[in-house]
Amino acid sequence: MRILLVEDEEGLSNALVEIFKKNKIGVDAVLNGTDGLKYAESGSYDAVLLDIMLPGMDGISVLKKLREEKNNVPVLLLTAKDEVSDKVTGLDAGADDYLTKPFSTNELLARVRALTRRKGDIKDTSITFGDLTLSKKNCELQTQTGKAIKLSLKEFQILELLFENPHQILTKEKLIEKIWGNDSNAEYNNVEVYLSFIRKKFENLNATVRIRTARGIGYSLEDETR
Ligand code: CA
């Protein structure tokens, strides 16, 4: 899971980034509305946390622009104001939820989880493809015969993308963007290293599921028995 945080109070932004990291939620943080829009338009996020009062472009304008562009990323508005009119304006402009500052860490995490769940119920449980099941709860791969193997966070995130989009080629660029973030220094060989770890685990499980390499393009999840 990866979220975008658009918040101009640096202290608060830094604190929130720490909280998300601690809870294994990938996060990119930007400090103004203009950057917020640009990042959100990339389509790389499972949710956007958007402050209303922002330099450059205010949160409501960012939100309106995204919805105009048919971008349906879940948006949680953050604001210092506790005014009903703000809430109505925000929800009217296409926000999915609303959180008034100050808020507790637990409240924030609960809201973010609820928002990202909204995209589909399978998000929260496990996904089966071929003879393998990716268990989100246990962060592991399971076979139908009951064998299981633990995954590192990065391996899990890569597999989550592949299992959610089987038979589709995911480019290395997309994987890097989704898993390491736009600003990361991750290189293409980072992806290759993790892919080789994952393939070893498939082998250890004697799986018929394979990750096929589309040379120079990316990877796709396939089932060899089909
Ligand atoms: Ca602000």
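Shown above is the structure to which this text applies.
Residues numbered from 1 in each chain as written. Predicted model: local features only at pLDDT ≥ 70, side-chain atom pairs only at ≥ 80, totals over all residues. Heavy atoms only, no water.

Enquirer: What exactly am I supposed to notice about the packing of helix H1 (residues 10–22) against helix H5 (residues 105–117) here?
Expert: Between two packed helices, the angle of one axis relative to the other and the distance separating the axes together describe the packing. Closest axis-to-axis distance for the H1/H5 pair is 11 Å, and the angle between their directions is 65 degrees. For the pair H1 and H5, the crossing hand works out as right-handed. Residues Leu 16, Ile 19 and Phe 20 of H1 touch H5, and the partners they reach there are Thr 105, Leu 108, Leu 109 and Val 112. (Axes fitted to C-alpha atoms, helices over the stretch in contact; angles between N-to-C directions. Helix = DSSP H or I, 4+ residues; strand = E, 2+ residues; numbered from the N terminus. Left-handed = near helix turned anticlockwise from the far one by under 90°. Contact = heavy atoms within 4.5 Å.)

Enquirer: Got a minute to help me understand helix H2 (residues 33–41) in this structure?
Expert: Each turn of an α-helix holds 3.6 residues, which means side chains three or four residues apart point in the same direction. Buried within H2 we find Gly 33, Gly 36, Leu 37, Tyr 39 and Ala 40. Residue Asn 32 occupies the N-cap position of H2, its side-chain oxygen lying 3.1 Å from the main-chain nitrogen of Thr 34. One or two residues past the end of H2 sits Gly 43, with phi positive at roughly 75 degrees. (Buried < 20%, exposed > 50% of the residue type's maximum accessible area, 1.4 Å probe, protein only. Polar contact = N/O pair within 3.5 Å; in protein donor to acceptor, adjacent residues only side chain to side chain.)

Enquirer: Even after reading the chapter, I still don't get the coordination of the calcium ion, so can you show me in this structure?
Expert: Around the calcium ion, the donor atoms from the protein are Asp 8 (OD), Asp 51 (OD) and Met 53 (O), and they sit 2.1 to 2.3 Å away. For the calcium ion, all donor residues lie on one chain, and their spacing in sequence is D-x42-D-x1-M. Classification of Asp 51 by relative accessible area gives buried; the value is 3%. In this structure Met 53 comes out as exposed when scored by relative accessible area, which is 52%. (Donors = N, O, S within 2.8 Å, 3.2 Å for Na, K, Ca; no water.)

Enquirer: Is there a simple way to explain helix H7 (residues 172–179) in this structure?
Expert: Looking at H7, one finds that the buried residues are Lys 172, Leu 175, Ile 176, Lys 178 and Ile 179. Just beyond H7, the residue with positive phi is Gly 181, at close to 95 degrees.

Enquirer: Any chance you could explain the side chain of Ser 44 here in plain terms?
Expert: Within the secondary structure, Ser 44 sits in the loop between H2 and strand E3 (47–51). By relative accessible area, which is 0% here, Ser 44 ends up buried. A polar side-chain atom of Ser 44 sits 3.0 Å from a polar atom in the side chain of Ser 42. Side chain to side chain, Ser 44 and Glu 177 meet in a polar contact 2.3 Å long. Excluding residues within four positions of it along the chain, Ser 44 makes contact with Arg 2, Glu 177 and Lys 178.

Enquirer: Honestly, the pattern of salt bridges in this entry has me stumped. Any pointers?
Expert: Pairs may arise between side chains of opposite charge once their charged atoms sit close together. The full count for this structure, using the stated rule, is 16 salt bridges. Between Asp 51 and Lys 101 there is a salt bridge, and its shortest N-O distance comes to 3.2 Å. With Asp 51 in strand E3 and Lys 101 in the loop between strand E5 (97–100) and H5, this residue pair connects regions lying 50 residues apart in the sequence. Of the two residues, Asp 51 and Lys 101, both sit in the buried class. Through salt bridges with shared partners, one network takes in Glu 7, Glu 9, Asp 51 and Lys 101. (Salt bridge = Lys/Arg side-chain N within 4 Å of Asp/Glu carboxyl O.)

Enquirer: Looking at this structure, I do not really get the nonpolar core. What am I missing?
Expert: Across soluble globular proteins, you tend to see nonpolar side chains buried next to one another. If you look at the biggest cluster of nonpolar residues, it comprises 28 residues, and the most contacted ones within it are Leu 141, Leu 159, Phe 163, Phe 202 and Ile 211. Broken down by secondary-structure element, the contributors of at least two residues to this core are strand E6 (126–129), strand E7 (132–135), helix H6 (153–164), H7, helix H8 (188–204), strand E11 (209–214) and strand E12 (218–223). With six residues, the single largest contributor to this core is H6. Listed in part, the 21 residues of the second largest apolar core include Tyr 39, Tyr 45, Leu 54 and Val 73. (Core = buried A, V, L, I, M, F, W, Y, C linked by side-chain atoms within 4.5 Å.)

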